[in-house]
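Coordinates in review
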Amino acid sequence: MRVIFIGPPGAGKGTQSQRLLRYLGVPHISTGEILRDAVRMHTTEGLLAEKYMNEGHLVPDPIIIKLVGIRMDQADCKVGCLLDGFPRTLGQAQALDSYLQGRGIPLSGVLELRVNEEVLIQRLAGRGRTDDEPAVTRQRFQTYRERTEPLLEYYQERGLLAAINGIGTTDEVFERIKSALDGFQRRAAAARPTDPTKSA
Ligand code: ADP
């Protein structure tokens, strides 16, 4: 399966991603992690990305599209992948579409983890990462609303979006995610051309 996981900062995407990865058995492509590694290793991309990340802004599309392309070309992604934190802009979504179309690879679906903003701010206050300080957090929310929320409509129009209620226990939320994945699988099965050798 090839699944995109979208959600605002603090929605619980990290926790649910870990379970989702075990459940699906696919590699994790987390652009936040890829970028933090690049910063740590002082690569060209890391040096370019660092100031955007520290301010809660998005790293420019060309950098992120390049890094994700390199990762998706690796052999382990043949079975699928969980895209976590990518795409985050319409430009990234379009780049991903052309990447997939060019290789004849389908997208299974898009999970949107939905949590209202008051809850998000409370959760982030207790996390303590360097980009979690209040001013940066506010900027990340604004960036999410302005740049990433338009993607929801983009995928909705393509019939690929499943909105997940992110309020509840970890187990409750994961059950909702599993039902959405079942939906993705049913849609994929319905869309597959029937095999004439197997018809009665
Ligand atoms: P969060 O979801 O909590 O904002 P991430 O770990 O996904 O955190 O991302 C951390 C930072 O890395 C973002 O604030 C942004 O600067 C950068 N980043 C991650 N993914 C992308 C992306 N797809 N496009 C642009 N910037 C990104």
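A short tour of the structure in this document, coming up. What you are looking at is a predicted structure, and each value in this text was computed from that prediction instead of being measured.

So, how was this worked out
Residues numbered from 1 in each chain as written. Predicted model: local features only at pLDDT ≥ 70, side-chain atom pairs only at ≥ 80, totals over all residues. Heavy atoms only, no water. Helix = DSSP H or I, 4+ residues; strand = E, 2+ residues; numbered from the N terminus. Rg over C-alpha atoms; globule rule 2.2 N^0.38 Å. Buried < 20%, exposed > 50% of the residue type's maximum accessible area, 1.4 Å probe, protein only. Contact = heavy atoms within 4.5 Å. Areas by Shrake-Rupley, 256 points an atom, 1.4 Å probe, with all protein chains shown as cover. Lys, Arg positive; Asp, Glu negative; His and termini not counted. Charge placed at Lys NZ, Arg CZ, Asp CG, Glu CD. Axes fitted to C-alpha atoms, helices over the stretch in contact; angles between N-to-C directions. Parallel < 35°, antiparallel > 145°, perpendicular 65-115°, else oblique. Nonpolar A, V, L, I, M, F, W, Y, C, P; charged D, E, K, R; others polar. Salt bridge = Lys/Arg side-chain N within 4 Å of Asp/Glu carboxyl O. Pairing = 2+ DSSP bridges. Near = heavy atom within 4 Å. Polar contact = N/O pair within 3.5 Å; in protein donor to acceptor, adjacent residues only side chain to side chain. Core = buried A, V, L, I, M, F, W, Y, C linked by side-chain atoms within 4.5 Å.

1. Comments concerning the overall build of the protein
Across its full length, the protein holds eight helices and five strands. The linear arrangement of helices and strands in the protein, starting from the amino end, is β-α-β-α-α-α-β-α-β-α-α-β-α. Its C-alpha atoms give the protein a radius of gyration of 17 Å, near enough to 16 Å, the size a compact globule of 200 residues would have. Taken along the three principal axes of its C-alpha coordinates, the protein extends 65 × 40 × 30 Å. Taking all 200 residues of the protein together, the buried fraction comes to 45%. When contacts within the protein are restricted to residue pairs at least 6 apart in sequence, long-range pairs at least 24 apart make up 77% of them. By element, 52% of the accessible surface of the protein is carried by carbon and sulfur atoms, the whole surface being about 10900 Å². Positive and negative side-chain charges in the protein, numbering 27 and 25 respectively, have mean positions lying 4 Å apart.

2. Here's the deal with the packing of helix α2 (residues 31-40) against helix α4 (residues 61-72)
The packing of two helices is summarised by the inter-axis angle and the distance between the axes. Across the interface, α2 lies against α4 with an axial gap of 11 Å and an inter-helix angle of 105 degrees. Taken together, the axis directions place α2 and α4 in an arrangement best described as roughly perpendicular. Here α2 contributes Thr31, Ile34 and Leu35 to the contact with α4, which in turn contributes Ile64, Leu67, Val68 and Arg71. Looking at side-chain class alone, the contact of α2 with α4 contains five nonpolar, one polar and one charged residues.

3. A word on the pattern of salt bridges
Using the criterion set out here, one finds 10 salt bridges in the structure. With a shortest N-O distance of 4.0 Å, arginine 158 and glutamate 157 are connected by a salt bridge.

4. Structural notes on the pairing of strand β4 (residues 109-114)
A large share of β4 lies buried, amounting to five of its six residues. Summarising the sheet, strand β1 (residues 2-6) and β4 pair through four bridges and their orientation is parallel. Of the residues in β4, the one forming a bridge with isoleucine 6 is glutamate 112.

5. Focus: the site of the ligand
The ligand sits among 17 residues. The nearest are Thr31, His57, Gly85, Gln92 and Arg140. One of the side-chain nitrogen or oxygen atoms of arginine 88 is found 3.1 Å away from an oxygen atom of the ligand. Among the elements that line the shell around the ligand, the one with the most residues is α2, at four residues. Each residue belonging to the shell around the ligand can be placed in one class, and the counts come to seven nonpolar, five polar and five charged.

6. A look at the nonpolar core
Core analysis: the biggest nonpolar cluster contains 30 residues, and Ile4, Met72, Leu83, Leu96, Val110 and Tyr155 have the highest contact counts within it. If you list the elements that add at least two residues to this core, you get β1, α2, α3 (44-54), α4, β3 (81-84), α5 (90-103) and α7 (134-157). Val3, Leu20, Leu21 and Leu124 belong to the second largest nonpolar core, which has 22 residues in total.

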